[in-house]
Every structure is written in C-alpha cells, then in structure tokens.
Amino acid sequence: MVRKRFNKYFISPLEKFVQIESFSGILLLSATIVALVWANSSFGASYENLWNYKLGIAVGDFQISKSLLFWINDGLMAIFFFLIGLEIKREVLMGELNTMKKAALPIFAALGGIIVPVGVFLILNNDPTTFKGWGIPMATDIAFSLAILTMLGTKAPLSLKIFLTAFAIVDDLGAILAIAFFYSSSINWALVGISLVPFIVLIFLSMRGFYNKYLYIFMGLIVWFLFLKSGLHPTIAGVMIAFTIPIQQKEGVVTSLGFLNTIVERLSNAPYKKKPILTTEQIYLIDDLHDWTNKVQSPLQHLEHGLHGWVAYFIIPIFALANAGLVFSGGSDLNYMLSINIAIALILGKCIGITLFSIASVKAGWAHLPEGITYRKILGTSFLAGVGFTMSIFISNLAFSDSAMLIDSSKIGILIGSFVAGLIGYLILKFSK
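Residues numbered from 1 in each chain as written. Predicted model: local features only at pLDDT ≥ 70, side-chain atom pairs only at ≥ 80, totals over all residues. Heavy atoms only, no water.

### Remarks on the pairing of strand S1 (residues 54–59)
Where we set the bar: In this scheme, a residue with accessible area under 20% of its type's maximum is buried, one over 50% is exposed, and one in between is partly exposed, where area comes from a 1.4 Å probe on protein chains only. To qualify as a helix, a DSSP run of H or I must reach at least 4 residues; to qualify as a strand, a run of E must reach at least 2; elements of each kind are numbered from the N terminus. Pairing between strands is defined by DSSP: at least two bridges between them are needed.
In terms of burial, S1 is a largely surface element, zero of the six residues being buried. Both S1 and strand S2 (residues 62–67) contribute to a ladder of six bridges, which runs antiparallel. For Lys54, the partnering residue across the bridge sits in S2 and is Ser67. Count of turn residues in the S1/S2 antiparallel hairpin: two residues, of which Gly60 carries a positive phi of about 65°.

### What to know about the confidence of the model for the protein
To keep it simple, the criterion reads: The pLDDT score gives, residue by residue, the confidence of the prediction method on a 0 to 100 scale. When checking whether two residues touch, look at their non-hydrogen atoms; a contact exists if any pair is within 4.5 Å.
When pLDDT is averaged along the protein, the result is 83, and 88% of the positions lie at 70 or above. Note that pLDDT drops below 50 for residues 1–12; the model gives that stretch six contacts with residues more than four away or on any other chain.

### Some thoughts on the packing of aromatic side chains
Selection rule: Stacked, tilted and edge-to-face are the three classes assigned to paired rings of Phe, Tyr and Trp, where Trp is represented by its six-membered ring and a pair needs centres within 6.5 Å; plane angles under 30 degrees give stacked, over 60 edge-to-face, the rest tilted.
Tallied over the entire structure, the rule returns 15 aromatic pairs. When the centroid spacing of 5.7 Å and the interplanar angle of 20° are considered together, the rings of Phe108 and Trp366 count as stacked. A residue pair is termed long-range when its members are at least 10 positions apart, and Phe108 in helix H4 (residues 100–124) and Trp366 in the loop between helix H13 (336–363) and helix H14 (375–384) qualify at 258 residues. Given the relative accessible area of 23%, Phe108 is considered partly exposed. Both rings, one in Phe144 and one in Phe389, keep their centres 5.5 Å apart while their planes meet at 90°; by these two values the pair is edge-to-face. A residue pair is termed long-range when its members are at least 10 positions apart, and Phe144 in helix H5 (residues 142–151) and Phe389 in helix H15 (residues 389–399) qualify at 245 residues. Given the relative accessible area of 13%, Phe144 is considered buried. A relative accessible area of 3% places Phe389 in the buried class. An aromatic cluster is built from Phe80, Phe81, Phe319 and Phe394, whose rings are joined through pairwise contacts.

### Considering the side chain of Asn323
Short version of the rule: In protein, a polar contact requires one atom able to donate a hydrogen and another able to accept it; more generally it is a pair of N or O atoms within 3.5 Å, and residues adjacent in sequence count only if both atoms are side-chain atoms.
Within the secondary structure layout, Asn323 lies in helix H12 (residues 299–323). Side chain to side chain, Asn323 and Asn397 meet in a polar contact 2.9 Å long. Here Asn323 is in contact with Tyr47, Leu69, Asn73, Ile393, Asn397 and Lys411, once residues within four sequence places are set aside.

### Describing a nonpolar patch on the surface
Where we set the bar: To count toward a patch, a residue needs a relative accessible area above 30% and no salt bridge. Like charges then connect within 9 Å, nonpolar side chains (Val, Leu, Ile, Met, Phe, Trp, Tyr) within 5 Å. The Shrake-Rupley method, run with a 1.4 Å probe, gives the accessible areas here. Residue values count only the displayed protein chains as cover. Just to be clear on terms, a salt bridge is a Lys or Arg side-chain nitrogen sitting within 4 Å of an Asp or Glu carboxyl oxygen.
Judged by side-chain polarity, Tyr336, Met337, Ile340, Ile344, Leu348, Ile352 and Leu356 come together as a nonpolar surface patch covering roughly 640 Å² of accessible area. If you trace the backbone, Ile352 turns up in helix H13.

Right under this line is the structure:
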C-alpha cells in the first residue's frame, strides 16, 4: 500500500515532468533546425525582418515599443525564469534540496559544473573583448539533457533523472545570480528601490497566506517594468516574484474530504435533465467544488503545473526559433577562438567539474551515491550537462549585446559544444553496465 501511494504521488508526477521536458527537447531541436535552415535560405531576409518587427503598447502619455525579439527574450523569457524560480523554491522547501543529506550531491555537482567551466573559459580566453562570455558555459539545458536520458530507456534509472534535475536547478540559480550581478547594464538604484516596494508587499501577503493571481500578475508587471528601466535585466523580476508565491495550502485535502463528499453526494442526488445547461443547484455545487479545489491546492504547485506545458511547448521553442538562426555565409568575420573556447568549456569543463566535485564529496563523506547511480553514470551525465543551449544563448545575448559577430560566434560554440557533449554523454550511458 505504501509503495503504491509513493508511486502515485511522487513517481508518477516526476515521470510526467520528465516526459514534458523530453518532448520539449525534441521541439527545441526542431525549432533550432528550422531557424538555421530558414536563416540560410533564400528567405533569410524574412527571418531577420520578422524578429526586428516593432510591437508596443500606448496608453495616454505612456508608450513602449520594442522589437519582437525583445518581447521574446525579455518578456516571454521572464515567464521561463518565473517557472525556474517556482522550481527552485519548491525544491528547497520540499524537494530534492530540502535537506543537506539529499541536496549534498547535486549541490557539489552543480558547483563543479559552474566553477570549472568558467575557469576553463577564462584560462583559454586571451582576448579582452570576449572576456564577458565567461558565464556562457555555466548552465545546463534540462529539456535537451532529459530528452537524451529518456532515449536511453532503462540505462537511465529514475534516480539519475532526479540527480540531473536537481543539479540543473542549482546550475540555473547560479546563472540567474550571474545575470543579476554581472550581466545587467548600469543600474539606477533609485528605481530598484522603488521596485522593491511591490515585492515586499507580495512577501507580506505570502507570509499571511493571501494569494490572488490577478494582484500578483499586476504587481509582477510593475516590478518587470521597473527592472527594465533600472538596468537590471527584467527576467530577474520573474524569479523574484516566484519566490513570493505561497506554497502552503489553505486547507488539507484529507481534513476537508468530508466537504468534498457532501458536494459529490448532492450532485449525485440533484435532479438530472437532458439539457445542455445545468440547474441552479448544480451551478452552486460546482462553484463550491471550485472553491474547494482553490483551498486545497498549493498556489506554487498549481502555477508550476499550469505553466510547465506553456514554457516547454511554446516559450522555449519560440526562443530557439528566434535566436538560433545563424547565417553561415559571413563566416570569415566570426571569432572562431571564442567559439572553440565555449565549446571546450561546455564539453570538458562540465565533465571535469561535475565528475570531480561529485566523487570528492562522496569520498569525503559529505554526500552519498543514490541507489542505481555509479561513477560511470555520473561521468555520462556530466557530459549531458554540457548541453547548455537555452540559458547559454540567453547569456551570450547579454554578454555581447553590442556585437552581433560575437553573439553569432558564441552561438556556434554553444551549438557545437552542446552537440558533442550530448553525443559523448549518450554513448557513455548507452554502453554502461
């Protein structure tokens, strides 16, 4: 009985998460291929014109007009970062990072996956103009890496997927901090201070257990706009707002089952009519049922569940379609040393960092290997962590915002490094015992 409940409430949701991320990886790959073919075809001009098309809103004296690419990279990606913030908060409070015993191995692996790739890039880089690209090999693209793990079937046990998910989330946290402190433009601290007012209000409401999605959306838009004007990258607003979303339920499911049973019983006994509309009594009972579901659902978990499909199936593929369209005809102008440095940092930096830090933490007794995970599987997974597609491209856009040539050079390094790292990781895990 305990085993069945564990499978129902933990394994099944996690497997559903893995399936969503895996299919998202396939969409991501498809969008990347379409972008590359489109940008290098006879319709390449339309690709460039589409993302540079201006869109905006105007209300009285207030107006904001930006390119479609801006609304994707700074607008839609704020929702992506919001989802990451929800995942980080859940993992820290209730998931694989809520105790040091469970979090030790993923945290040490993530630290190695951040420190060593950055170190490798800095050691290889001799050009001061490309120094700002040090943050590009930091993060792991969980969609691509989980898609590869899923292709391996039984060669990739669930414990390995949990390990990858956990350290990828810590990786993302490191990338978010890098964006906030190192990849934001000159900062207007007065506007930052003003933006903290609605943020503090939301924290206060969260501590009191109050949650209203429309209020949170309104406050979130204010913080996003103030961050945009202050110089802090606006996507960071998504993470900050996520941290204010309450995780607690208003009522427990078990303690309120009596109320649910009463609603179901009254619905069963309500007079039935063969009409496409409900009776007044049925409408009120369904309203009661809706109120009950709002009370027993964690706002954080409900938002995370609702947004995951939108981010995985729409936002990330659109981001890839808009950003992966490299034009190869002008290759002589590219900085190939930057491309090579990024590729090596993703392939070797991630592999060496994650593997060494994981083994060292286990040998020192600070962490332990979960059941079903061997050092060989950690080695294979560390190569998969070199698939840094989404976040790496995002950081390259910030690092080299004043040079299209360096952005394109970075993307070539990211594409090559991610492909080679993913292939090596797949082969190691495929032929592991």
